[in-house]
Amino acid sequence: MGRFLELDDTSRLDLNQLVKMLPGRQGWNIVKWLPRGSYVRAILSSWPVLQQYGINTPVRVAHFIGQGLVETSWLTATEENLKYSAEQLKKTFSVYRNNPQLAEQHHKQPEKIANTAYGGRLGNNQPGDGWRYRGRGFFQVTGKDNYRRFGEISGLPLVEDPDILSRDLKASVEVAAAYWDHMDLSWPADQGQSRAVSRGVNRGDPTHSSPAYHEDERLLWTEKVLELLGAAEQVIDGSGRDLSLGMAGSDVRKLQEDLLFLGHGEVGAADGVFGRKTRLAVISFQDEAGLEMTGITDEETLTAIEAALEDHSKPPADQQATASRIRFRPFEQGA
């Protein structure tokens, strides 16, 4: 069994290198360390299936795998971990937030939690359906309606045997691909709209107003896979396009570096992912520059940043006398 997922004549994904980057134990052993090794095998053997569902370019594959990494807790979970504490329950599910006493009663009891959190919705209309159709697989499919829908698309008897998704990880990758295709996530992936992809996977709606669970992590790991594929430049070319929440690529990284240079430390690290911290830094700069505080880096904002960089590269007036002894130069983006 090889370690490379072949994508086209010029791109391939080194899964061994990817797994070494994941949180937790470094590296992987296809036999001794499950389920991570099983997921790797499943992904390696799924290229024909991914192509079938339109996940057929390096950019689309990067978004698909980036989402799956977070959904599976870095390829270590085959099903949803529902062993929540009472405090976690109140933070995660509205039914427990509205009934704190029930959260205390269900503290770290997964089956009761699933039946309470998922019962009576998502097509779960029978006692025990919440637990029976809890999240499983590469995209953590949840709810009887989704098990039925994607079972029909993939030809798998998921309603009758939902454990297929945790038992057969290649099948779980196929169901995730069917979900991707059904939600038409190739289009936002092609546009570099990582936020929309994240919400399509986690919220069931790419246009959902609420962030996906661990949205920043989803953006970060999509970017990391893109970098491994050498495909980051294909996501955003920066020509006439605003930079905004959910985007990723070299232009975002340059923006972050510029904001850091200008003293807007809210941006955090220059990781190439336009997350909430980057948006706050953009708003901070826009406020300082007297611009409309949209959090979107449009042409006007970029022009103001360039002007600020030029100003910052010049010595203060009281230092002109010593300028001949000090080298001042414009900030070199991307250096």
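What you see is a predicted model, and the numbers here were worked out from it, not measured in a lab. (Residues numbered from 1 in each chain as written. Predicted model: local features only at pLDDT ≥ 70, side-chain atom pairs only at ≥ 80, totals over all residues. Heavy atoms only, no water.)

Trainee: With reference to specific residues and values, describe the nonpolar core.
Mentor: Ranked by internal contacts, the top residues of the largest apolar core, which has 54 residues, are Phe64, Ile65, Leu69 and Phe138. For this core, the leading source of residues is helix α12 (residues 169-182), giving nine residues. Leaving out residues up to four positions away in the same chain, Phe64 has contacts with Leu50, Ile55, Phe138, Phe139, Val173, Ala176, Ala177 and Trp180. Membership of the second largest hydrophobic core comes to 17 residues, among which are Leu245, Leu259, Val267 and Ile305. (Core = buried A, V, L, I, M, F, W, Y, C linked by side-chain atoms within 4.5 Å. Buried < 20%, exposed > 50% of the residue type's maximum accessible area, 1.4 Å probe, protein only. Helix = DSSP H or I, 4+ residues; strand = E, 2+ residues; numbered from the N terminus. Contact = heavy atoms within 4.5 Å.)

Trainee: Please set out the pattern of salt bridges residue by residue, giving values where relevant.
Mentor: Per the stated rule, a full pass over the model turns up 12 salt bridges. The residue Glu79 makes a salt bridge to Arg134 at a minimum N-O spacing of 3.1 Å. Placement of the pair is Glu79 in the loop between α4 (58-71) and α5 (86-92) and Arg134 in the loop between α9 (129-132) and α10 (144-154), with a sequence separation of 55 residues. With relative accessibility at 27%, the residue Glu79 sits in the partly exposed group. Salt-bridge contacts for Arg253 lead to Glu223; the nearest nitrogen and oxygen are separated by 3.4 Å. In this pair, Arg253 is assigned in helix α16 (residues 250-261) and Glu223 in helix α15 (residues 215-229), connecting sequence segments 30 residues apart. Of the residues examined, Glu223 reaches a relative accessible area of 1% and is grouped as buried. (Salt bridge = Lys/Arg side-chain N within 4 Å of Asp/Glu carboxyl O.)

Trainee: How would you explain unusual backbone geometry if you had to name every residue and give the values?
Mentor: Note: most peptide bonds trans; most residues except glycine with negative phi. Residues other than glycine seldom take positive phi values, yet Gln140 does so here, at roughly 50°. As for its position among the elements, Gln140 is in the loop between α9 and α10. Of the residues examined, Gln140 reaches a relative accessible area of 13% and is grouped as buried.

Trainee: I'd like a rundown of the confidence of the model for the protein chain, residues and numbers included.
Mentor: Low-confidence regions, as indicated by low pLDDT, have predicted coordinates that should not be scrutinised in detail. Summarising the model, the protein chain shows a mean pLDDT of 84, and 84% of its residues fall at 70 or more. The lowest-confidence element of the protein chain is strand β1 (residues 4-6), averaging 78 in pLDDT; the highest-confidence one is α9, averaging 98. For the stretch residues 26-33, pLDDT sits under 50, and the model shows 18 contacts to residues farther than four places along the chain or on other chains. Residue range residues 233-240 is modelled with pLDDT below 50. Its contacts to residues more than four positions away, or to other chains, number 16 contacts. (pLDDT = per-residue confidence, 0-100.)

Trainee: Tell me about the packing of aromatic side chains, residues and numbers included.
Mentor: Inspection of every chain in the model, using the stated rule, returns 12 aromatic pairs. On the basis of an interplanar angle of 10° and a centroid distance of 5.8 Å, the ring pair of Phe138 and Phe139 is categorised as stacked. The burial state of Phe138 is the same as that of Phe139; both residues are buried. Seen in terms of ring centroids, Phe150 and Tyr179 are 5.2 Å apart; in terms of plane orientation they differ by 55°. Their pairing is tilted. Pair noted here: Phe150 is in helix α10 and Tyr179 is in helix α12, with a separation of 29 residues, a long-range link. As far as burial versus exposure is concerned, Phe150 and Tyr179 are alike and both buried. Every member of this aromatic cluster is reached through a ring pair, and the members are Tyr39, Phe64, Phe138, Phe139, Phe150, Tyr179 and Trp180. (Phe/Tyr/Trp six-rings, centres within 6.5 Å; stacked < 30°, edge-to-face > 60°.)

Trainee: A description of α10 should follow, citing residues and the corresponding values.
Mentor: Those residues of α10 that sit buried are Lys144, Asn146, Tyr147, Phe150, Gly151 and Ser154. Along the axis of α10, the buried residues cluster in a sector spanning 155°; they form a single face. Where α10 is buried, its residues contact α9, α11 (164-167) and α12. Immediately beyond the C-terminal end of α10, within one or two residues, lies Gly155, with a positive phi of roughly 75°. (Arc of directions from axis to C-beta.)

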